[in-house]
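Each chain, written out:
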Amino acid sequence: MNISAGFWRLKGADTRTLFKEPMRSLSLAEFWGKRWNLAFSEMTAIALYRPLKPRIGEKAATVTAFVFSGLLHEVAISVPVKAGYGFPLLYFFIQGILIIIERKLEYNGMLKNKLIARCWVFAGLILPFPVLFHVWFLKGIIWPLITW
């Protein structure tokens, strides 16, 4: 992606990197909000999270933003294979809940150690991965690409 952004900058387009060293994240909130797919993060923050936060509270706004992302991922992952509906939505719902839990853990000082924080991020992203990339998507899209 950085190479693509650099190419477009050379052509005069005002492009920025979409991913800023995601593996350096020390929290899931940092990963999703400051390092992964920044165009989508910014759009979601402007369109959903910020307007909703004063109305429904931080926790509900966080979960709503992730549910929105889950719905979009349903279109990209479940709809093409016409199966597995609800799983990508569940993955992003889990991410929203984990961020709420993470805020409590940070408040209690449990994520101060960088190794523990990185393990938290890795586990939070990877352990529920089979829910995001469900078997129907793997069989219908990924495996045919790999064996092609």
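Scroll up a little and you will see the structure.
Residues numbered from 1 in each chain as written. Predicted model: local features only at pLDDT ≥ 70, side-chain atom pairs only at ≥ 80, totals over all residues. Heavy atoms only, no water.

Quick look at helix 6 (residues 114-126)
Phase 1 of the analysis: Over its 13 residues, helix 6 extends 18 Å from the first C-alpha to the last, a length consistent with the 18 Å expected when each residue adds 1.5 Å.
Phase 2 of the analysis: Those residues of helix 6 that are buried are in contact with helix 2 (28-35), helix 5 (87-107) and helix 7 (129-132). (Helix = DSSP H or I, 4+ residues; strand = E, 2+ residues; numbered from the N terminus. Expected span 1.5 Å × (residues − 1). Contact = heavy atoms within 4.5 Å.)

Some points on the pattern of salt bridges
Phase 1 of the analysis: Counted by the stated rule, this structure contains three salt bridges.
Phase 2 of the analysis: Between R35 and E30 there is a salt bridge, with its nearest N and O atoms 2.7 Å apart.
Phase 3 of the analysis: When its relative accessible area of 19% is taken as the criterion, E30 is described as buried.
Phase 4 of the analysis: Between R103 and E58 there is a salt bridge whose closest N-O contact spans 3.8 Å. One end of the pair, R103, is in helix 5; the other, E58, is in helix 4 (residues 58-81), with 45 residues separating them in the sequence.
Phase 5 of the analysis: A relative accessible area of 27% places R103 in the partly exposed class.
Phase 6 of the analysis: Look at E58 and you get partly exposed, because its relative accessible area is 36%. (Salt bridge = Lys/Arg side-chain N within 4 Å of Asp/Glu carboxyl O. Buried < 20%, exposed > 50% of the residue type's maximum accessible area, 1.4 Å probe, protein only.)

Structural notes on the nonpolar core
Phase 1 of the analysis: L28, W32, Y91, F92, W120 and L125 are the most contacted members of the largest nonpolar core, which has 18 residues in total.
Phase 2 of the analysis: Among the elements of the structure, helix 2, helix 4, helix 5, helix 6 and helix 7 are those that each provide at least two residues to this core.
Phase 3 of the analysis: If one sorts the elements of this core by residue count, helix 5 sits on top with five residues.
Phase 4 of the analysis: Setting aside anything within four residues of it in sequence, one finds Y91 in contact with W32, L125, P128, F129, V131 and L132. (Core = buried A, V, L, I, M, F, W, Y, C linked by side-chain atoms within 4.5 Å.)

A word on helix 4
Phase 1 of the analysis: Given a rise of 1.5 Å per residue, 24 residues ought to cover 34 Å, and the 34 Å separating the end C-alpha atoms of helix 4 matches this to within 8%.
Phase 2 of the analysis: Where helix 4 bends most, at E74, the angle is about 40°.
Phase 3 of the analysis: Those residues of helix 4 that fall on the buried side of the exposure criterion are A61, T62, V63, A65, F66, S69, G70, E74, I77, S78 and V81.
Phase 4 of the analysis: On its buried face, helix 4 sits against helix 2, helix 3 (38-56), helix 5, helix 7 and helix 8 (135-146).
Phase 5 of the analysis: Downstream of helix 4 by a residue or two, K82 has a phi angle that is positive, lying close to 55°. (Bend = angle between axes of the 7 residues up to and from the residue.)

Regarding the side chain of R35
Phase 1 of the analysis: Following the sequence through the fold, R35 ends up in helix 2.
Phase 2 of the analysis: Only 2.7 Å separates the side chain of R35 from the side chain of E30, close enough to count as a polar contact.
Phase 3 of the analysis: In this structure, R35 is in contact with L18, F19, K20, E21, P22, R24, S25 and E30, ignoring residues within four places of it in sequence. (Polar contact = N/O pair within 3.5 Å; in protein donor to acceptor, adjacent residues only side chain to side chain.)

Description of the packing of helix 4 against helix 8
Phase 1 of the analysis: Relative to each other, helix 4 and helix 8 sit at 75°, their axes nearing to 9 Å. On the basis of their axis angle, the class for helix 4 and helix 8 is roughly perpendicular. Listed contacts from helix 8 to A76, I77, P80 and V81 of helix 4 are W136, F137, G140 and I141.
Phase 2 of the analysis: Per-class residue counts for the contact of helix 4 with helix 8 are seven nonpolar, one polar and no charged. (Axes fitted to C-alpha atoms, helices over the stretch in contact; angles between N-to-C directions. Parallel < 35°, antiparallel > 145°, perpendicular 65-115°, else oblique. Nonpolar A, V, L, I, M, F, W, Y, C, P; charged D, E, K, R; others polar.)

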